[in-house]
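Residue-level structure breakdown
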Amino acid sequence: MGLKEMEAAIEAILFTMGQAVEVSQIAKALEQDVRTTEKIIRNLMLKYQEADRGIQIIELDHSYQMCTKKEYYNYLIRIAMQPKKAALSDVMLETLSIIAYKQPVTKLEIEKIRGVKCDHAVNKLIEYNLVTELGRLDAPGRPIVLGTTEEFLRCFGVENLDELPVMNPVKLEDFKAEAEEEVQLKLDL
């Protein structure tokens, strides 16, 4: 392995790991001795300084990490401060509303209501911190019980679940009748 290839490998390791990596681990990955590996890393550190790049390699107690240079911190803050808007699909909104109104609720209960699997929607809602695992049900298989989070309340502008809109009882009855007709049609096929 040539010098350029070893430098590229070191960059790939440090970039991918995202945290400090011990020089001995890097050396092992490169199949080189520690001293040679340190020389290559120090050479790379100089190249980053001389090239006026936005990133640098720093040493932390016989470990190395790739990170941004402090003079670019303000740019990172500006990008981090931009609001991240999670797009919720119809499936996720439907799943979220079931969880909000029926909590604590299991995936099985959600799937019964929706009529289809909900794993992906639930996982995305957990990832967006709108839903959380509240614990496990004391039943066979100990299924996970789900509920909404404080982030859900913030996003939907309510202080507590009691402030969620109440469904019109007439519309609720119409919805139930519609769902029953749909089930009957599927059974008749």
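See the structure above.
Presented here is a report on the structure given in the accompanying data block. These numbers were taken from a predicted model, which means no experiment stands behind them.

Side note on the sheet that holds strand β3 (residues 63-68)
A sheet is described by the order of its strands in space; here 3 strands give the open sequence β1-β3-β2, paired in antiparallel fashion. The open sheet has two free edges, formed respectively by β1 (21-22) and β2 (55-59), since each of these has just one partner strand. The sheet contact formed by β2 and β3 spans 5 bridges and is antiparallel. The partner of Q56 across the bridge, within β3, is C67.

Notes on the nonpolar core
If you look at the biggest cluster of nonpolar residues, it comprises 18 residues, and the most contacted ones within it are L96, I99, I110, L125, V131, L146 and F152. Within the residue set of this core, elements represented by two or more residues are α5 (90-102), α7 (119-127) and α8 (150-155). Top contributing element to this core by residue count: α5, with 5 residues. Ranked by size, the runner-up nonpolar core spans 15 residues in total, among them I10, L30, I40 and M45.

Parameters and conventions
- Just so you know, the residues in each chain are numbered from 1, in the order the chain's sequence is written.
- Where local features are concerned, this predicted model is filtered to residues with pLDDT of at least 70; where side-chain atom pairs are given and counted, the filter is 80 or more; whole-chain, interface and lining totals use all residues.
- Each side-chain value is derived from all of the structure's non-hydrogen atoms; neither hydrogens nor water enter the calculation.
- Two strands qualify as a pair provided that DSSP identifies no fewer than 2 bridges between them.
- Helix and strand assignments come from DSSP, with helices taken as H or I runs of at least 4 residues and strands as E runs of at least 2, each series counted from the N terminus.
- Here, nonpolar core means buried Ala, Val, Leu, Ile, Met, Phe, Trp, Tyr and Cys residues that are tied together by side-chain atoms lying within 4.5 Å of each other.
- Here's how the labels work: a residue is buried when its accessible area is under 20% of the maximum for its type, exposed when over 50%, partly exposed in between, all with a 1.4 Å probe on protein chains only.

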